Structure formats: structure tokens, C-alpha cells
Amino acid sequence: MTDQSHDRLLIIDFGSQVTQLIARRLRELNVYCEIHPYQNVTAEFIREMGPKAVILSGGPDSVTREGSPRAPQELFEMGLPILGICYGQQVMMTQLGGKVESGHGTAEFGRAYVTPQGEHIDLLRGWFLESDEQVWMSHGDHVSEIAPGFEVYGTSPNAPYAITADMDRHFYAVQFHPEVHHTPNGATLYENFVKIAGFAGDWTMGAYREEMIRKIREQVGDKKVICGLSGGVDSSVAAVLIHEAIGDQLTCVFVDHGLLRKNEAQEVVSMFREHYNLPLIHADESDLFLGELEGQSDPETKRKIIGKLFIDVFQKHADTIEGAEFLAQGTLYPDVIESVSFSGGPSVTIKSHHNVGGLPEKMGLKLVEPLRELFKDEVRALGHELGLPASFIGRHPFPGPGLAIRCPGEITREKLDILREADAVYIDQIRKHGLYDEIWQAFVAILPVRTVGVMGDGRTYDYACALRAVTSVDGMTADYYPFTHEFLGETATRIINEVKGINRCTYDITSKPPGTIEWE
């Protein structure tokens, strides 16, 4: 848990697929919150955490089923403001003396409209200003009788108790999901709830920076830390933050596997050595990696070779740092959440940073994870706070195996060189047209085929490439970016004219699912 000086909000998770969105909405309001599965939340846990308010999430179960998830009964006697959402509303009603029923034709899935009822309450400030409110429903059961002390403040055609509250105890319950974007005014409801609960809104990146510097110093003391620096945003922000805390006690190991983009290795080394004066080992192991990958075309085999070599190389160079007792990782909060299964216990292992998977167990080092309480957008905000260049912080995601998975089939130095040049032209085009920040990820894949072309008066027989660009919120799903034909034509012309070895360009318009963002 974070520093006790912050106001904290506890989200008790009953298994909803959108519980993380609740936390995102609250973080946007500068409110610190933590998600914990209901099985782990006891009355003692709540007292130890000391939250200022509690939110009960949605979930897939039915409160009418014997043994279905519940909140600790003592929670309702602690004097804390509570907001129940969907299944969370039904839990509140059941545990406080109301009734919930299954079926009877009152299920709602999708868009619905809530009509105000009774007096206007603070939770609904900014709602119902012009008309009924659009919300997103996803429930099979329904509240058939509200608990004593509750009143109805909003109804929908299939949810007569869409919004209920016990004003004396500051208990609020809604049948819909205000966290999803299909409830357009949902963020206002969360803002009203945290105001009612008296949150100071002090969860800022400036405060987090100071807090983590203090905690890193306390954890590490006078010992040494090594950090696997990939050049990505997460590991870079973690490295700069740790360096600010402990200076030269940190050494970063940047493994150059020969699969990076054009000039990327030089840019990373230059930024950290020259601008941050950060101790850095530049391990140029490209010959080793490319030698082991020679003749390999199966994507999973390529990934395993790269992963094993990375660990071996990282350990070889880390062993030269005498007295290192800690390993720094760029673990983020979604990784932490995903590591705790809804069935109750931790999963087999926390999802490791893509460039240091398996290292903690193999090297016997203690972990320093200064970003484990942050979402991706918060990491970028912390990067701004630490003074990293905006162009670097806003970079598109780049996979750990690098260009190896953008080169289907056998990997050769020639193909990698061609791919780097084509990718550089493509990204330059996107930046020139002001589209970079609209796109989640964009890259070129070089295809394992050669095609016939005509350039000047001669015949060519060169590689084809595929351009890829997607929009996404979190990388879990994605849509292709709708470039204009003019942009695609101009970009294809530049690549074919400027990159020796390519004579044909295609644009990948596959969404995820059914495809993946990367090609391998």
C-alpha cells in the first residue's frame, strides 16, 4: 500500500471486466485508489488500509446464488461513504436487508436511459440538466426491494431502482456502470462521490515523485541497484526516478540485440549518459543474437532464443557490478492487478517487464518497482515531471523482441537494414502529417517474399512490405488507423524511392481481434 499520508479509496473487486476503469476514473480526479479482490478484503484489512471511502465493483455472479461473493458485513458499520455499482448495488441491498431477484424479464444489456425521481442529491450534481441520462446497463438480476433507509433517485424502464441512496449513512448504489464511456456523464458521478467523501485530490505526480524517492532510499540504503534498460518508456522512467533517489548506486544495463530501430541504440545511450549522467553499460551483443537467430523462421522459436539470450547477457554484465542486491523493474499497476486471480490467490508469477522476464528468480535479487502503483498514462505524466523529453515519453510501444517479430520468416542483416530504413520513412511521414499522437502504434513489417517491379527502364525483384497503424486504448483491442489514400500513396512512393530493396507497399487493415497488432 502507498504512503498513509494520502487519502485512499478502496475498490472491492467482485470480478467485473471493467473494474480497472473505475480506478482510472478516480486517478483522473487525483484520488489514490487500490483494487483488491473481495476474498482478500476483511474488516481488519479495511481498518489497516484506512480508506476514506469504498466502492463495490460489478461482477458476473448472482447474489441469489448460495455462496456468492459478499463484502465484509462490518464494512457497513464503519461510517465510510460507500458506492455500489451493478453487482455492488445488489450486494449492498442483500446485506442491508433488501431483496434481489433473478430473471422475470428485467435484464438489461446495453444502452439505457435513467429518469430522475424525488429530490436532487449531491451525488447527481450535474446530472439530468436537460433530459434523462444515458447509461450502460449489464445485469441479469434486479433489485426487487430496497434496503431500509434507502430512497430511489433514478429509474429506468427495466431498473426501477437504478439509483438509490441512504443519505444519512452516505451509502449510494447504482445499477449501471458509470465507469464506461457508454455512460457519457459517468465521470461526473465519480467526481461527486469523492467530493462527498471529502477527498483532497492530492494524488499528483509531484507528490508521487517525492514519496517514491523517499521510499527507494529507505528500501535500498547504501546498496547497489541494477536496471535492465530497454529504451522504452517504463524502464526509462523507472531508471531516471531511481537515479534521482540514489545516484551512482544505480547502474543500468542496456542490451543491444541488433533488433532495434534506426539510430535507436545511439539515442538511448546518448540520452542517459549525456543528459542524465547515469551509469550505463552498453552491451552491444548484436553479433551473438543475430548469429543464434540465423536460419530460424518460427516466431515462437525466435522469441525464446531472444528471451534466453537476453537473460544470459544481462546476467553476464550485471555480474560485473560488485555488491548489487536489487533489480529495478518497470512493473505497472495493471501487471499487479492481473497477477491476482479472481479465484482468490496470487497467480503463479507477476507478469515481468518484457526485457527482464525470469531475472529475479535466476539472480536472487530483491526487486525495486517504483512504478507498480501507476497506470501507463500516469507513467508518462511522471516522465514529464522528471523532465524526460516529450518526444521520448510519447513514443509508440515497441516489443521486447524488437524487429525480429516485424520480420516474418528468416532474419538476415540485409532484411533488418531494409526494414529500419522503411520504418524510419514511415514514421517520418506520420509525424510530418501530424498524426503520430493519434496513433497507438505504427510500424513496417518486411514480408518474406520478393515481388517483380519496374523502376526506370529496368526490372526489379525486391521485397514487399506492409504498413501497420492502429488505434487503441490499452492494446487489448485495436482498430486500423483510417489513413487517406493520398497519405498511403505518398508514403508508398517515398519508401519505394528512398529505400533500396523494397518495390511494393501494402497497408494492413486487420483489426484486433481477429488479428494481433504485431505480425508475429
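Before any of the text, the structure's been laid out above.
Residues numbered from 1 in each chain as written. Predicted model: local features only at pLDDT ≥ 70, side-chain atom pairs only at ≥ 80, totals over all residues. Heavy atoms only, no water.

Student: Quick question: what am I supposed to make of the layout of surface pockets here?
Tutor: Over the atoms, a rolling probe the size of a water molecule traces out where space has been left empty. A volume near 520 Å³ is recorded for the second largest pocket. Lining the second largest pocket are 21 residues; nearest its centre among them are Lys-262, Glu-267, Arg-395, Ile-427 and Arg-431. When contributions to the lining of the second largest pocket are tallied by element, the ones reaching two or more residues are α7 (264-275), α13 (390-393), α14 (413-432) and β17 (441-455). Here the lining of the second largest pocket takes five residues from α14, the largest share from any one element. Partitioning the lining of the second largest pocket into residue classes produces nine nonpolar, three polar and nine charged. (1 Å grid on protein atoms, 1.4 Å probe; cavity = no way out; pocket = protein on both sides within 12 Å on 5 of 7 lines; lining within 4 Å. Points joined across faces, edges and corners; volume = space filled by probe spheres on them. Helix = DSSP H or I, 4+ residues; strand = E, 2+ residues; numbered from the N terminus. Nonpolar A, V, L, I, M, F, W, Y, C, P; charged D, E, K, R; others polar.)

Student: I keep staring at the pairing of strand β3 (residues 53-56) and nothing clicks. Help me out?
Tutor: Both faces of the sheet carry side chains from a regular strand, because those side chains alternate between them. Judged by which residues are buried, β3 turns out to be covered on both faces: Ala-53 and Ile-55 on one side and Val-54 and Leu-56 on the other are all buried. Where strand β1 (residues 8-13) meets β3, four bridges bridge the pair, whose relative direction is parallel. The residue of β3 that forms the bridge with Leu-9 is Ala-53. Where β3 meets strand β4 (residues 82-85), three bridges bridge the pair, whose relative direction is parallel. Residue pairing in the sheet places Val-54 in a bridge with Ile-82 of β4. (Buried < 20%, exposed > 50% of the residue type's maximum accessible area, 1.4 Å probe, protein only. Pairing = 2+ DSSP bridges.)

Student: I'm lost on the packing of helix α1 (residues 19-28) against helix α4 (residues 186-197) in this one. Help?
Tutor: Describing two packed helices takes the angle between their axes plus the distance from one axis to the other. It is at 10 Å that the axes of α1 and α4 come closest, and there the two elements cross at 65°. Considering only the axes of α1 and α4, their crossing is right-handed. Where α1 approaches α4, its residues Ile-22, Arg-25 and Leu-26 are matched on the opposing element by Ala-187, Tyr-190 and Val-194. Looking at the contact of α1 with α4 residue by residue, the class counts come to five nonpolar, no polar and one charged. (Axes fitted to C-alpha atoms, helices over the stretch in contact; angles between N-to-C directions. Left-handed = near helix turned anticlockwise from the far one by under 90°. Contact = heavy atoms within 4.5 Å.)

Student: Hey, could you run me through the state of the cysteines in this one?
Tutor: Two cysteines joined by a covalent bond between their sulfur atoms form a disulfide. With the rule as written, the count across this model stands at zero disulfides. Looking at the unpaired Cys-407, the closest cysteine sulfur is the one in Cys-465, lying at 12 Å. Residue class for Cys-407 comes out buried when judged on its relative accessible area of 0%. Left without a disulfide partner, Cys-505 is nearest to the cysteine sulfur of Cys-465, which lies 3.4 Å away. Cys-505 sits in the partly exposed class, given a relative accessible area of 22%. (Disulfide = S-S within 2.5 Å.)

Student: When you look at α1 in this model, what are you seeing that I'm missing?
Tutor: An α-helix turns once per 3.6 residues; consequently, residues spaced three or four apart project the same way. Of all the residues in α1, the buried ones are Thr-19, Ile-22, Ala-23, Arg-25, Leu-26 and Arg-27. Just downstream of α1 lies Asn-30, where phi reads positive at about 60°.

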